[in-house]
There are 2 protein chains.
Amino acid sequence: MDNYIEIIGFIAAVLTTAAFLPQVYKTWKTKDVSALSLPMLLMFFIGVLGWLIYGVLIDSPSMIFANAITLVSSFLLVYYKIKYQK
Amino acid sequence: MDNYIEIIGFIAAVLTTAAFLPQVYKTWKTKDVSALSLPMLLMFFIGVLGWLIYGVLIDSPSMIFANAITLVSSFLLVYYKIKYQK
């Protein structure tokens, strides 16, 4: 029972995480951060940190997995935004 | 105890959902969908649907709230992409 729930969570984790990675890759390749807004990125970063803490507290492997990866990639976007912003 | 967990989840939900809405608004205003990739949008949409189902199964109010809103907004992006794509 619990296993099939985590399978759904894991599929969701892979899909939403994978959909986000091309943005990180594109920003890294092009150094073009003009379309990204720093307040939005910071909001998103803090939000993902919140989900990660929530995932740990409710003991959800799928949420910990997804949000750990997304936390690193959204941190990279914040870093790129600050570094490459003109 | 459970209440403070849901407060963290709810803050996370508001932050990540709010960070996503300007993208939907911008796409709706500009009709510019060139930067959006349909396979990515569909992946994201299905992923969010997965998170919503997961949230229902593990009985998480924060996840149901966040993913219901994000499901609607990512559906709108898919719709705009198909409608406005040249």
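In this text the structure is predicted, and so the values were computed from the model without any measurement.

Draft legend 1. Looking closely at the packing of aromatic side chains. What the rule picks out here adds up to 14 aromatic pairs over all chains. Among the aromatic residues, ring-to-ring pairing joins Tyr79(A), Tyr80(A) and Tyr84(A) into one connected group.

Draft legend 2. Spatial organisation of the interface of chain B and chain A. Contacts between chain B and chain A engage 30 residues on the former and 30 residues on the latter. Its largest share of buried area at the contact with chain A, chain B owes to Trp51(B), Tyr54(B) and Leu57(B), together 25% of the area lost on that side. Between chain B and chain A we count 0 salt bridges in total. The interface formed by chain B and chain A contains 6 residue pairs in polar contact (both at pLDDT 80 or more). Elements that contribute at least two residues to the side of chain B that touches chain A include exactly helix H1 (2-30), helix H2 (38-57) and helix H3 (61-84) of chain B. The residue inventory of the side of chain B that touches chain A, partitioned by class, reads 22 nonpolar, 6 polar and 2 charged.

Draft legend 3. How the structure looks around the relation of the copies chain B and chain A. Superposition of chain B onto chain A requires a rotation of 180° combined with a translation of 0.0 Å along the rotation axis, giving an RMSD of 0.0 Å. The transformation just described matches what one would write down for a two-fold rotation axis. It is Ile58(B) whose C-alpha, among those of chain B, lies nearest the rotation axis, at 4.6 Å. Taken as a fraction of all interface residues of chain B, those also at the interface in chain A reach 100%, which identifies the copy contact as same-surface.

Draft legend 4. Structural detail: unusual backbone geometry. Residues and elements named next belong to chain B. For Lys31, which is not glycine, the phi dihedral falls at a positive 60°. By the element assignment, Lys31 lies in the loop between H1 and H2. Look at Lys31 and you get partly exposed, because its relative accessible area is 35%. For Asp59, which is not a glycine, the phi torsion comes out positive at approximately 60°. Within the secondary structure layout, Asp59 lies in the loop between H2 and H3. Classification of Asp59 as exposed rests on a relative accessible area of 61%.

Draft legend 5. Spatial organisation of the side chain of Ser74(A). Residue and element names in this part refer to chain A. Inspection of the secondary structure puts Ser74 in helix H3 (residues 61-84). For Ser74, the side chain forms a polar contact with the main-chain oxygen of Leu71, separated by 3.2 Å. Ignoring anything within four residues of it in the chain, the contact list for Ser74 reads Phe20, Phe44 and Phe45.

Draft legend 6. The side chain of Ser60(A), seen in detail. Looking at the secondary structure, you find Ser60(A) in the loop between helix H2 (38-57) and H3. Here the side chain of Ser60(A) touches Met63(A) through a polar contact of 3.1 Å, landing on its backbone nitrogen. Once residues lying within four places of it in the same chain are set aside, the contact partners of Ser60(A) are Glu6(A), Gly55(A) and Tyr54(B).

Calculation notes
- All chains use their own residue numbering, which begins from 1 and follows the written sequence.
- By the order in which they are written, chains take letters starting at A while ligands take numbers starting at 1.
- Local features in a predicted model are, by the rule used here, given only for residues with pLDDT of at least 70; side-chain atom pairs are given and counted only at 80 or more, and totals for whole chains, interfaces and linings are based on all residues.
- Side-chain figures throughout are based on the complete set of non-hydrogen atoms in the structure, without hydrogens or water.
- When two rings of Phe, Tyr or Trp (its six-membered ring) have centres within 6.5 Å they constitute a pair, described as stacked for plane angles under 30 degrees, edge-to-face for angles over 60, and tilted for the intermediate range.
- What makes two residues a contact is simply this: any of their non-hydrogen atoms within 4.5 Å.
- Throughout, the accessible surface (probe 1.4 Å) given up by two parts as they are put together, summed over both, is called the buried area.
- For this document, the term salt bridge refers to a Lys or Arg side-chain nitrogen within 4 Å of an Asp or Glu carboxyl oxygen.
- Under this definition, polar contacts are N or O atom pairs within 3.5 Å; protein pairs additionally need one hydrogen-donor-capable and one acceptor-capable atom, and for neighbouring residues in sequence, both atoms have to be side-chain atoms.
- Only DSSP runs of H or I covering at least 4 residues are called helices, and only runs of E covering at least 2 are called strands; the numbering of each starts at the N terminus.
- In the scheme used here, Gly and all other residues not listed as nonpolar or charged are polar, with Ala, Val, Leu, Ile, Met, Phe, Trp, Tyr, Cys and Pro taken as nonpolar and Asp, Glu, Lys and Arg as charged.
- Copies overlap after least-squares fitting; the atoms used are the C-alpha atoms of residues with pLDDT of at least 70 in both.
- Per-residue accessibility, obtained with a 1.4 Å probe over protein chains only, is compared with the maximum for each type, and a residue is labelled buried under 20%, exposed over 50%, and partly exposed between these values.

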